[in-house]
Amino acid sequence: MTSTHFHPHPSTAPHRASRAVLQARGLRHAYADRLVLHGIDCDIPAGQAIALMGPSGSGKTTLLHALAGILQADAGSVTYLADRPVEVNRLGTEARAALRRKDFGLVFQSGQLLGELTAVENAALPLLLAGVAPRQAEAQAAAVLGSLGLGGLEQRRPGELSGGQQQRVAIARALTPRPAVIFADEPTGALDRRTGHEVMTVLRDAHRQIGAALVLVTHDPEMSARCDQVLHLRDGRIVGAELGAGR
Ligand SMILES: Nc1ncnc2c1ncn2[C@@H]1O[C@H](COP(=O)(O)OP(=O)(O)OP(=O)(O)O)[C@@H](O)[C@H]1O
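The chain appears in an unreviewed UniProt entry as ABC transporter ATP-binding protein from Metallococcus carri.

Here it is in C-alpha cells:
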C-alpha cells in the first residue's frame, strides 16, 4: 500500500479493531529549513503495539517525539484520547512533561538510567516526580522490577547490571506509573540478538499486561514483526502499513 496520508482503516485490521488512544493529524515538522515530517496522519490503537520502521533519517524518532510530546511539532495535532481528549501538541512545556511522567512511558536505546541511583530508585523516579511518597513509590517500583525478572537486584546501580538488565530497569521505570502509551526508541538496539529478543519479550508482555499501547521505533524486522501493526516511513511520510504477527 502506498499513500501519503495513511489512515488506518478498519479494513486493514478487521480482527484487531480497537479505539485509538492517540491520533496524529497533519503533523509537520522542520529542523531549520529541512522538512522532516510532511503532514503525518496516523492512529495508535489502544493497547496495541505499533512499530515505526524506515531508513535512517526518515523521521521515525521525530514522529515518536512528536507523539510523546517530547517535541512540539510545527503544525498539526496529536490528540491523546484520555477521559477528556488532550491536544498534546498545543500543551506548554510543563504540561507536556507532566503528561510524560504520568500517562506516557519512555524507553530509549541506552544511557537513560541515573548512574548514582539504585535500580529501584531509578524505577521509582516517575512516581516520586509525580508526588508519590518515597516508600510507596519504591514498593511499587520493586514489584514491577520483580515482575520483569529483576527480583534481588533492586539495590544494584546501573553500572552493576548487564545491558539487558539495565533495559529491564528502564522498562520498569516506564511501566510504574501505568501509562496509557509506552514509547520505545530502539530499545534493543544496543543489545546482542538473544538479549534483545528477551527484552522485547519483556516489553511485549508488560505493555499487554497493563493494557498500554506500545509505539516502537526499530530497524530490526524481527522486532517489528512481533508488533500488531508496522508503519513504514520514508522521507517524513508514511508510505505503507502492514499487520505484524503480534507475538
Ligand atoms: N535536533 C535536530 N536538529 C536538526 N536536524 C535534526 C535533528 N534531529 C533530527 N534531525 C534530522 O532530521 C531527519 C530525521 O531524523 P530522525 O531522527 O527523526 O530520523 P530516524 O528515522 O529516526 O533516523 P535513524 O534511524 O537514523 O535514527 C534526519 O535527517 C536528521 O538528521
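Participant: Can you walk me through the pattern of salt bridges in this structure?
Facilitator: Side chains that differ in charge, positive against negative, can pair when their charged atoms come close. According to the stated counting rule, one finds 7 salt bridges in the structure shown. D228 serves as the salt-bridge partner of R204, at 3.6 Å between the closest nitrogen and oxygen. Of this pair, R204 sits in helix α6 (residues 193–210) while D228 is found in the loop between α7 (221–224) and β9 (229–234), placing the two residues 24 residues apart along the sequence. You can call R204 buried: its relative accessible area is 1%. Note on D228: relative accessible area 10%, which makes it buried. Overlapping salt bridges, with partners in common, bring together R168, R194 and E198 in one network.

Participant: How do you make sense of the site of the ligand when you look at a structure like this?
Facilitator: All residues in the neighbourhood of the ligand are listed as Y31, R34, V36, P55, S56, G57, S58, G59, K60, T61, T62 and H219. In the environment of the ligand, an oxygen atom lies 3.1 Å from a nitrogen or oxygen atom belonging to the backbone of S58. Between an oxygen atom of the ligand and a side-chain N or O atom of H219, the distance comes to 2.9 Å. Contact with the protein chains hides 59% of the accessible area of the ligand, taken as 640 Å² for the molecule alone. Those elements that provide at least two residues to the shell around the ligand are β2 (34–45) and α1 (60–68). Among the elements that take part in the shell around the ligand, α1 stands out by supplying 3 residues, more than any other. Partitioning the shell around the ligand into residue classes produces 3 nonpolar, 7 polar and 2 charged.

Participant: Where do I start with the sheet that holds β2 in this structure?
Facilitator: Through backbone hydrogen bonds, the strands of a sheet pair up, either in parallel or in antiparallel fashion. Pairing is antiparallel in the open sheet, where 4 strands are placed in the order β2-β1-β4-β5. Of all the strands in the sheet, just β2 and β5 (85–87) have a single pairing partner and so form its edges. Here the strands of the sheet are splayed against their neighbours by 15 degrees on average, with no regard to which way each runs. Bridge count for strand β1 (residues 20–31) against β2 is 9 bridges, and the pairing is antiparallel. The residue bridging R28 from the neighbouring strand is H38, located in β2.

Participant: Would you mind going over the pairing of strand β6 (residues 104–107) with me for this structure?
Facilitator: Successive side chains on a regular strand alternate, one facing one side of the sheet and the next facing the other. In β6, alternate side chains face the same way, and those of F104 and L106 on one face and G105 and V107 on the other are all buried. As paired elements, β6 and strand β7 (residues 181–185) share 4 bridges and run parallel to each other. Along β7, the bridge assignment pairs G105 with I182.

Participant: Before we go on, may I ask you to explain α1 in this structure?
Facilitator: Counting buried residues in α1 gives 8 out of 9 residues, a clear majority hidden from the surface. Considered for burial, the residues of α1 that qualify are K60, T62, L63, L64, H65, A66, L67 and A68. Two residues or fewer past α1, G69 is found with a positive phi of approximately 75 degrees.

Participant: It is not clear to me how the packing of aromatic side chains should be interpreted in this structure. Could you clarify?
Facilitator: When we look at a pair of aromatic rings, we describe it by the centre distance and by the angle of the planes. Inspection of every chain in the model, using the stated rule, returns 2 aromatic pairs. Look at Y80 and F104: their rings are 5.2 Å apart centre to centre, the planes differ by 65 degrees, and that puts the pair in the edge-to-face class. Of this pair, Y80 sits in strand β4 (residues 75–81) while F104 sits in strand β6; the two residues are 24 residues apart in sequence, bridging distant segments of the chain. Ring geometry for F104 and F183: centres 5.2 Å apart, planes at 75 degrees, overall edge-to-face. In this pair, F104 sits in strand β6 while F183 sits in strand β7, placing the two residues 79 residues apart along the sequence. Taken together, the aromatic side chains of Y80, F104 and F183 make up a single cluster linked through ring pairs.

What counts, and at which threshold
Residues numbered from 1 in each chain as written. Predicted model: local features only at pLDDT ≥ 70, side-chain atom pairs only at ≥ 80, totals over all residues. Heavy atoms only, no water. Salt bridge = Lys/Arg side-chain N within 4 Å of Asp/Glu carboxyl O. Helix = DSSP H or I, 4+ residues; strand = E, 2+ residues; numbered from the N terminus. Buried < 20%, exposed > 50% of the residue type's maximum accessible area, 1.4 Å probe, protein only. Near = heavy atom within 4 Å. Polar contact = N/O pair within 3.5 Å; in protein donor to acceptor, adjacent residues only side chain to side chain. Areas by Shrake-Rupley, 256 points an atom, 1.4 Å probe, with all protein chains shown as cover. Nonpolar A, V, L, I, M, F, W, Y, C, P; charged D, E, K, R; others polar. Pairing = 2+ DSSP bridges. Axes fitted to C-alpha atoms, helices over the stretch in contact; angles between N-to-C directions. Phe/Tyr/Trp six-rings, centres within 6.5 Å; stacked < 30°, edge-to-face > 60°.

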